[in-house]
Amino acid sequence: MSALALRGPARVVVLQHRRVLWITGALALAGIALVAVAWWVTSAAATTFAGTGCSVRHTVQGCGIPVRHFLSVELHFNRLLGYAGVVMMVLPAVVGLFVAGPMIGRELEDGTYRLSWSQSVTPTRWLAAKLAVPAVLTVAGVSVLSAVYAWAWFRARGTNYPVQWFEPQVYGAMGPAPVGYALLCLALGALAAVLIRRTLPAMAVTAVAYAAVALVMNSVRSGLWPMRTDTTALGKEFRYPSQASDVAVGWMTGSGTRLDDATCVSADDFDACLTRHGAAAQYVDYHPVSHFWPLQLMETGILLVLAAAAVAVAFRILRRSHG
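All chains use their own residue numbering, which begins from 1 and follows the written sequence. The predicted nature of this model means local features are confined to residues of pLDDT at least 70 and side-chain atom pairs, given and counted, to a pLDDT of 80 or more, with totals for whole chains, interfaces and linings taken over all residues. In computing side-chain properties, one takes all heavy atoms of the structure into account and sets aside hydrogens as well as water.

A short note on the packing of helix α3 (residues 64–103) against helix α8 (residues 177–196)
Rules: Here the axes come from fitting lines to C-alpha atoms, over the contacting stretch only for helices, and the angles between their N-to-C directions go from 0 to 180 degrees. Helix numbers and strand numbers start at the N terminus; a helix is a DSSP run of H or I with at least 4 residues, a strand a run of E with at least 2. Each angle gets one of four labels, with under 35 degrees taken as roughly parallel, over 145 as roughly antiparallel, 65 to 115 as roughly perpendicular, and the rest as oblique. For a crossing to be left-handed, the near helix must be turned anticlockwise from the far one by less than a right angle; the clockwise case is right-handed. Contacts are residue-level and defined by heavy atoms, with any inter-residue pair within 4.5 Å sufficient. The classification used treats Ala, Val, Leu, Ile, Met, Phe, Trp, Tyr, Cys and Pro as nonpolar, Asp, Glu, Lys and Arg as charged, and all other residues, Gly among them, as polar.
For the pair α3 and α8, interaxial distance at closest approach is 7 Å and the crossing angle is 25 degrees. By the angle between their directions, the pair α3 and α8 is classed as roughly parallel. In the crossing of α3 with α8, the sense of the turn from one axis to the other is right-handed. Judged by residue contacts, M88, P92, A93, V95, G96, V99 and A100 of α3 engage P178, Y181, A182, C185, L186, G189, A190 and A193 from α8. Residue composition of the contact of α3 with α8, by class: 13 nonpolar, two polar and no charged.

Structural notes on the pattern of salt bridges
Test applied: Only one rule defines a salt bridge in this text: a Lys or Arg side-chain nitrogen within 4 Å of an Asp or Glu carboxyl oxygen. Each residue gets one of three labels from its accessible area relative to the maximum for its type: buried under 20%, exposed over 50%, partly exposed in between, using a 1.4 Å probe on protein chains only.
The full count for this structure, using the stated rule, is two salt bridges. Between R221 and E299 there is a salt bridge, with its nearest N and O atoms 2.7 Å apart. Highlighted residues: R221 in the loop between α9 (199–220) and β1 (228–233) and E299 in helix α11 (residues 292–321), separated in sequence by 78 residues. Owing to a relative accessible area of 13%, R221 belongs among the buried residues under this scheme. E299 sits in the buried class, given a relative accessible area of 0%. Residues D285 and R258 are paired through a salt bridge, measuring 2.4 Å at the closest nitrogen-oxygen approach. Remark: R258 occurs in strand β3 (residues 258–260) and D285 occurs in strand β4 (residues 279–287); sequence separation between them is 27 residues. Overall, the relative accessible area of 39% leaves R258 in the partly exposed class.

A closer look at the pairing of β4
On a regular strand, each side chain points to the face opposite its neighbour's, so the side chains alternate between the two faces of the sheet. Our working definition: Strands are treated as partners if at least two bridges between them are detected by DSSP.
Burial analysis of β4 places eight of its nine residues in the buried class, the great majority of the element. Where β1 and β4 come together, six bridges link them in antiparallel fashion. Directly across from T231, in β4, lies its bridge partner Y283. Relative to β4, strand β2 (residues 245–253) is paired through eight bridges, and the arrangement is antiparallel. Across the sheet, T253 pairs through a bridge with A279, a residue of β4.

Remarks on the sheet that holds β1
Hydrogen bonds between backbone groups are what pair the strands of a sheet, and the pairing can be parallel or antiparallel. Sheet architecture is open: four strands sit in the order β1-β4-β2-β3, paired in antiparallel fashion. The open sheet has two edge strands with one neighbour each: β1 and β3. Neighbour to neighbour, the strand axes of the sheet diverge by 35 degrees on average, direction disregarded. Contacts from helix α10 (residues 270–277) reach β2, β3 and β4, with the element oriented near 70 degrees to β2.

So, α3
Note the threshold: Given a helix with a known number of residues, its expected span is that number minus one, times 1.5 Å. To get the bend at any residue, fit one axis to the seven residues that end at it and another to the seven that begin at it, then take the angle between the two axes.
The end-to-end C-alpha distance of α3 is 56 Å, a good match for the 58 Å that 40 residues give at a rise of 1.5 Å each. Of all the bends found along α3, the most pronounced is centred on V90 and spans about 30 degrees, while P92, a proline, follows it within four residues.

As for the pairing of β2
By the bridge criterion, three bridges tie β2 to β3 in an arrangement that is antiparallel. Across the sheet, residue G250 finds its bridge partner in β3, namely D260. Between β2 and β3, which follow one another and run antiparallel, lie four residues, and G256 among them has a positive phi close to 95 degrees.

Brief notes about the state of the cysteines
Condition: Two cysteine sulfurs form a disulfide in these notes if their separation is within 2.5 Å.
Counted by the stated rule, this structure contains two disulfides. Note that C54 is cross-linked by a disulfide to C63, the S-S spacing being 2.0 Å. Because the torsion about its S-S bond is -75 degrees, the bridge between C54 and C63 counts as left-handed. You can call C54 buried: its relative accessible area is 14%. Covalent S-S linkage joins C264 and C273, the inter-sulfur distance amounting to 2.1 Å.

Some words on the layout of surface pockets
In this approach the atoms are scanned with a rolling probe the size of a water molecule, which exposes any empty space left behind. Rules: Detection works on a 1 Å grid of protein atoms alone, calling trapped sets that fit a 1.4 Å probe cavities and calling open sets with protein on both sides within 12 Å along at least five of seven lines pockets, with lining residues defined by an atom within 4 Å of a point. Grid points are joined across faces, edges and corners, and a volume is the space filled by probe spheres set on the points.
By volume, the largest pocket amounts to about 1,100 Å³. Forming the boundary of the largest pocket are 35 residues, of which T24, G25, A28, L91 and L145 lie nearest the centre. Considering each element in turn, the lining of the largest pocket owes the most residues, 13 residues, to α3. Class assignment for the residues of the lining of the largest pocket results in 30 nonpolar, five polar and no charged.

Honestly, that's just the spatial picture; any functional story needs more than this.
Here it is in structure tokens:
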């Protein structure tokens with residue numbers, strides 16, 4: 001199916017939903033502007049604070065107010081990044097609900113799709129046009145928003161309130177994963193609409209399906225890429241790896257057998273308990289910051305496979321019911 005073949009139906013889709021598209025674009029630009037302005041304010045506050053000669057860690061008399069103002073500005077920027085991350089996590093569900101509802105579900109429920117199909121537009125071509133337009137806009141829009149968020153997060157790392165890359169609202173707002181989730185929700189919305197053919201039930205099923213996928217991916221994410229393991233012999237200072245997502249911490253015997261971190265928590269003599277169990281070192285399994293991209297790519301690949309499967313099933317159902 002060529003892009004030329006989709007041009008007519010795709011144009012109709014844009015005209016039908018141009019108001020929603022304009023509003024969505026305006027909201028996206030407003031969000032980008034808000035993040036940019038917030039960082040400009042934070043950067044300006046940092047410059048002003050540096051000119052005072054005060055220090056956050058070694059406050060002296062007369063520096064209390066400048067320190068509090070500077071920290072307040074940085075804290076507000078940190079909170080803004082947190083809220084923006086939550087919005088980025090909700091955005092895929094919005095895409096799916098829009099596709100399952102007003103874009104496909106409503107036409108199937110009201111029967112208005114028959115007008116398109118009577119004008120030499122096959123059901124397959126009709127559905128392809130319905131999906132092509134939001135897919136292109138979703139990839140472009142979410143990619144830009146993700147890049148802006150990554151830009152803001154990178155600059156926030158040097159503040160007194162940094163947000164960690166492995167926090168769910170941060171991880172889900174950067175890299176290719178947000179695009180993968182948005183495309184999956186688009187596919188789930190199309191499948192629900194074609195399968196149920198009622199607007200509200202299709203939207204509800206799409207939301208539940210997205211929540212289920214998000215919960216499952218969050219629970220298995222740490223296993224998508226091999227973790228690193230650091231060990232520290234007993235008696236030496238144990239340090240967590242910097243900027244790492246620690247997955248498991250515990251004790252290790254001389255033979256390599258692992259003991260749970262809570263093995264000797266309730267013991268009266270903690271050291272004696274460790275000796276009795278043969279503990280020789282402490283270990284930590286973790287993902288360093290360098291694992292961000294492997295984890296993102298693995299997760300995105302899974303999401304795209306699921307999205308392709310959902311779209312294929314939707315096309316098959318439509319062909320069978322109107323073959």
